[in-house]
Amino acid sequence: MQLIISLIIGGVVGWLASMLMKTNAQMGLIANVIVGIVGSALGVWVAGLLGLEVAGGIVQWLVAIGGAVLLILILKMLNIFK
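Bear in mind the structure is a predicted one, so any value in this text is a computation, not a measurement. (Residues numbered from 1 in each chain as written. Predicted model: local features only at pLDDT ≥ 70, side-chain atom pairs only at ≥ 80, totals over all residues. Heavy atoms only, no water.)

**With respect to the side chain of Ser18**
What counts here: Strands here mean DSSP runs of E at least two residues long; helices mean DSSP runs of H or I at least four residues long; both are numbered from the N terminus. The buried label applies to any residue whose accessible area, calculated with a 1.4 Å probe on protein chains only, is under 20% of its type's maximum; exposed applies above 50%, and partly exposed to all values in between. By definition, residues are in contact when any of their heavy atoms lie within 4.5 Å.
Position of Ser18 relative to the elements: it lies in helix α1 (residues 2-20). With a relative accessible area of 0%, Ser18 lands in the buried category. Setting aside residues up to four positions removed in sequence, Ser18 forms contacts with Thr23, Asn24, Met27, Asn32 and Ile72.

**Details of unusual backbone geometry**
Positive phi, close to 60°, is recorded for Lys22, a residue that is not glycine. Checked against the element boundaries, Lys22 lands in the loop between α1 and α2 (29-49). One non-glycine residue, Asn79, lies in the positive phi region at around 60°. Along the chain, Asn79 turns up in the segment after α3 (57-77). Taking the relative accessible area as the measure of exposure, Asn79 reaches 59% and is therefore exposed.

**Some details on α2**
Applicable threshold: Here the expected length of a helix is defined as 1.5 Å per residue gap, with one fewer gap than residues.
Taking 1.5 Å of rise per residue, the 21 residues of α2 would be expected to cover 30 Å, and the 30 Å separating its terminal C-alpha atoms lies within 8% of that figure. For α2, the full list of buried residues reads Asn32, Val33, Val35, Gly36, Gly39, Ser40, Leu42, Gly43 and Ala47. Residues of α2 that are buried make contact with α1 and α3. Once α2 ends, the next one or two residues include Gly51, with phi positive near 80°.

**Section: the layout of surface pockets**
Where empty space is left becomes clear once a probe the size of a water molecule has been rolled over the atoms. Quick reminder of the rule: Cavity means a closed set of points on a 1 Å grid over the protein atoms alone, one where a 1.4 Å probe fits but cannot get out, pocket means an open set with protein on both sides within 12 Å along at least 5 of 7 lines, and lining means a residue has an atom within 4 Å of a point. Grid points are joined across faces, edges and corners, and a volume is the space filled by probe spheres set on the points. In this classification, the charged set is Asp, Glu, Lys and Arg, the nonpolar set is Ala, Val, Leu, Ile, Met, Phe, Trp, Tyr, Cys and Pro, and all remaining amino acids, among them Gly, are polar.
Counted as a void, the largest pocket has a volume near 220 Å³. Taken together, the elements giving at least two residues each to the lining of the largest pocket come down to α1, α2 and α3. For the lining of the largest pocket, a count of residues per class yields five nonpolar, six polar and no charged.

**Some thoughts on the nonpolar core**
Soluble globular proteins tend to bury their nonpolar side chains together. Defined as follows: Residue types Ala, Val, Leu, Ile, Met, Phe, Trp, Tyr and Cys, when buried and joined through side-chain atoms within 4.5 Å, form a set referred to as a nonpolar core.
If you look at the biggest cluster of nonpolar residues, it comprises 13 residues, and the most contacted ones within it are Val35 and Ile72. Among the elements that line this core, the one with the most residues is α3, at six residues. Setting aside its immediate chain neighbours within four residues, Ile72 contacts Ala17, Ser18, Met21, Thr23, Met27, Val35 and Phe81.

Written as structure tokens, this is what we have:
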């Protein structure tokens, strides 16, 4: 059950990040889930490097979306998304 919830949340995070970065038309469901999950991990890692504690519902969502946006930005720089 936890895996299904993680996939759903990853999909929502990836979709929101793709809407912010205007790559939604280029990304499908699978890409949104992957970007959401990997981007969330990236966001938590970067927050840890900055000394920020990721606690609380809203903060976790913001860090996850921020990490996914950062991942899409990196992918855009590598010309994976245009």
